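Each chain is listed here by its residues.
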Amino acid sequence: MNKPLILVVEDDSSVKNLITTTLKTHEYRYLSASNGASAIMEASSHNPEIVLLDLGLPDMDGIDVIKRIRTWSNMPIIVISARSEDSDKIDALDAGADDYLTKPFSVEELLARLRVTQRRLAMMQNENSGESSVFRNGELTIDYAAGCAYLKGAELHLTPIEYKLLCLLSHNVGKVLTHTFITQKIWGSSWDNDIASLRVFMATLRKKLEAEPDSPQYIQTHIGVGYRMMKVE
């Protein structure tokens, strides 16, 4: 797998040095920016494949950087921030971030998040090339053209809502999807009762998909935030 070009947006020199040294050690190509304005300029002129973004920048909030980039690009954005409240995570993810890593973080976790993002990029490229209308993840198979899903070769008997949820998660493997994002996509709104319905449908979907719902293999819950489909080797 070719190493992507990564834009590191961080104004704290010690954190920036840790990240760039890690990237260099693992043979990633990278650019760096220390404020929001230069981050937007670097992103637009060099078109990096992944952005690592701190939210606490000296000239603007990182949320605004995400929104600006999202007006013209779907490049994966992984937020790395000291803000650890659920509300901060939700704001960043709803603005268009793909993942959220809280400081302090381990180098191993950062590298793992990058690997997940690379796999999702590769899957998106395969989808865009039109090579296949079939999604495979571990023992799960989704035939988008036929509108069917299979686990270990056996067809899953899903309701229309369960199938839509499964497809939405599968199109965003490795990405945390917020309750608001999911309910908007499925029901077109995000009232409290929609979120309550989402929890019910996700529970029934899990029963059909997971051998052990208490130890999920495919769908991970981020309490207070949303859900993520994990990549199964």
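A few points on the structure.

Parameters and conventions
Residues numbered from 1 in each chain as written. Predicted model: local features only at pLDDT ≥ 70, side-chain atom pairs only at ≥ 80, totals over all residues. Heavy atoms only, no water. Pairing = 2+ DSSP bridges. Helix = DSSP H or I, 4+ residues; strand = E, 2+ residues; numbered from the N terminus. Contact = heavy atoms within 4.5 Å. Axes fitted to C-alpha atoms, helices over the stretch in contact; angles between N-to-C directions. Salt bridge = Lys/Arg side-chain N within 4 Å of Asp/Glu carboxyl O. Buried < 20%, exposed > 50% of the residue type's maximum accessible area, 1.4 Å probe, protein only. Core = buried A, V, L, I, M, F, W, Y, C linked by side-chain atoms within 4.5 Å.

## Points about the sheet that holds strand S11 (residues 219-222)
- Reading across the sheet, the three strands line up as S10-S12-S11 and stay open at both edges, with antiparallel pairing between neighbours. Looking at the sheet topology across the chains shown, the edges are occupied by strand S10 (177-178) and S11.
- Where helix H8 (residues 192-209) meets the sheet, its contacts fall on S11 and strand S12 (226-229), and the angle it forms with S11 comes to roughly 150°.

## What to know about the sheet that holds strand S3 (residues 50-53)
- Strand order across the open sheet formed by five strands is S2-S1-S3-S4-S5, with parallel pairing between neighbours. Each edge of the open sheet is held by one strand with a lone partner, namely strand S2 (29-33) and strand S5 (99-102). Neighbour-to-neighbour, the strand axes of the sheet open up by a mean angle of 20°, direction not taken into account.
- Here strand S4 (residues 77-81) runs beside S5; their pairing, made up of four bridges, is parallel. Across the sheet, residue Ile78 finds its bridge partner in S5, namely Asp99.

## Points about the pattern of salt bridges
- Using the criterion set out here, one finds 10 salt bridges in the structure.
- Close ionic contact of Arg29 with Glu49 constitutes a salt bridge, the shortest N to O distance being 3.4 Å. Taken together, the residues span a long stretch of sequence, with Arg29 in strand S2 and Glu49 in the loop between helix H2 (36-46) and S3 at a distance of 20 residues.
- For Glu49, a relative accessible area of 33% translates into the label partly exposed.
- Salt-bridge contacts for Arg70 lead to Asp98; the nearest nitrogen and oxygen are separated by 2.9 Å. Linking Arg70 in helix H3 (residues 62-70) with Asp98 in the loop between helix H4 (86-95) and S5, this pair joins segments that are 28 residues apart in sequence.
- Its relative accessible area of 21% is what places Arg70 among the partly exposed residues.
- One salt-bridge network, held together by shared partners, links Asp99, Glu109, Arg113 and Arg228.

## A word on the environment of His26
- Among the structural elements, His26 can be located in the loop between helix H1 (13-25) and S2.
- When neighbours within four sequence positions are excluded, His26 is seen to be in contact with Lys3 and Leu111.

## Here we look at the nonpolar core
- Within the largest apolar cluster, 28 residues are counted, with the highest numbers of intra-cluster contacts made by Leu140 and Leu166.
- Of all the elements in the fold, those that place two or more residues in this core are strand S7 (140-143), strand S8 (148-151), helix H6 (160-170), helix H7 (179-187), H8 and S12.
- With seven residues, the single largest contributor to this core is H6.
- Setting aside chain neighbours within four positions, we find Leu166 in contact with Leu140, Ile142, Ala149, Leu158, Leu205, Leu209 and Met229.
- In terms of nonpolar packing, the next biggest core, distinct from the first, is built from 26 residues, Leu55, Leu93, Tyr100 and Val225 among them.

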